[in-house]
Amino acid sequence: MWTMRHSHRRDADGRSVDCRQILTLSPQPAGTGGPLRILFAAGPGRYVPGGAPFGSGDVGFIRGVDLNLNEPGAVRALLDVALAGAWQPGERRAVEVDGWCLLEPAASARAGDTSPEGP
């Protein structure tokens with residue numbers, strides 16, 4: 001199961017800064033392991049949803065690949081890349097990873113998918 005949320009930090013003047021998108025993957029059934037939090041923080045050459053012209057859930061490189069975190073196939077591709085890395089879903093602790101490290105391999109895997117529902 002997954003959830004997605006957008007968050008900000010407030011600066012000293014109360015303005016929203018540091019946009020980030022957080023995709024949380026939770027092993028099922030509940031209680032069988034800790035969640036994986038994939039963080040996409042705004043930064044140079046990157047975008048996260050924060051209004052027009054991008055849609056909710058869009059993350060990507062300004063001059064490169066992107067994914068929509070609302071699409072099951074995109075989430076599955078990120079999960080597969082995380083599993084091929086070091087994430088162990090049976091661990092009881094929450095794990096946070098930088099989503100930008102997973103984005104390119106996940107987008108490549110997604111681009112190779114020809115089924116309408118994703119992998």
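Remember, predicted model here, so these are calculated numbers, not experimental data.

What counts and how
Residues numbered from 1 in each chain as written. Predicted model: local features only at pLDDT ≥ 70, side-chain atom pairs only at ≥ 80, totals over all residues. Heavy atoms only, no water. Helix = DSSP H or I, 4+ residues; strand = E, 2+ residues; numbered from the N terminus. Buried < 20%, exposed > 50% of the residue type's maximum accessible area, 1.4 Å probe, protein only. Areas by Shrake-Rupley, 256 points an atom, 1.4 Å probe, with all protein chains shown as cover. Pairing = 2+ DSSP bridges. Axes fitted to C-alpha atoms, helices over the stretch in contact; angles between N-to-C directions. Parallel < 35°, antiparallel > 145°, perpendicular 65-115°, else oblique. Left-handed = near helix turned anticlockwise from the far one by under 90°. Contact = heavy atoms within 4.5 Å. Nonpolar A, V, L, I, M, F, W, Y, C, P; charged D, E, K, R; others polar.

## A few points about the overall build of the protein chain
From N to C terminus, the protein chain includes 2 helices and 7 strands. Burial status across the protein chain gives 35% buried among its 119 residues. Approximately 6,900 Å² of the protein chain is accessible, and the part contributed by carbon and sulfur atoms is 53%.

## A word on the pairing of strand 2 (residues 16–25)
Pairing geometry for strand 1 (residues 2–10) and strand 2, over 8 bridges, is antiparallel. Bridged to R10 within strand 2 is S16. In this antiparallel pair of consecutive strands, strand 1 and strand 2, the connection spans 5 residues, and G14 shows a positive phi of 85°. Pairing geometry for strand 2 and strand 3 (residues 36–41), over 6 bridges, is antiparallel. Within strand 3, the position partnered with R20 by the bridge is A41.

## Topic: the packing of helix 1 (residues 72–84) against helix 2 (residues 99–111)
Interaxial distance between helix 1 and helix 2 falls to 8 Å at its minimum, and their mutual angle equals 120°. As the angle between them shows, helix 1 and helix 2 are arranged oblique. Between helix 1 and helix 2 the crossing geometry is right-handed. Residues G73, A74, A77, L78, V81 and A82 of helix 1 lie in contact with helix 2, whose contacting residues are L102, P105, A106 and R110. Of the residues that constitute the contact of helix 1 with helix 2, the class distribution is 8 nonpolar, 1 polar and 1 charged.

## So, the sheet that holds strand 3
One open sheet holds the 4 strands; their spatial order is 1-2-3-7, and the pairing between them is mixed. In the strand order of this sheet, the two ends are held by strand 1 and strand 7 (95–98), each with one partner. Looking at each pair of strands side by side, their axes are set apart by 25° on average, direction ignored. Set on the sheet, helix 1 makes contact with strand 1, strand 2 and strand 3; between it and strand 2 the angle comes to about 80°.

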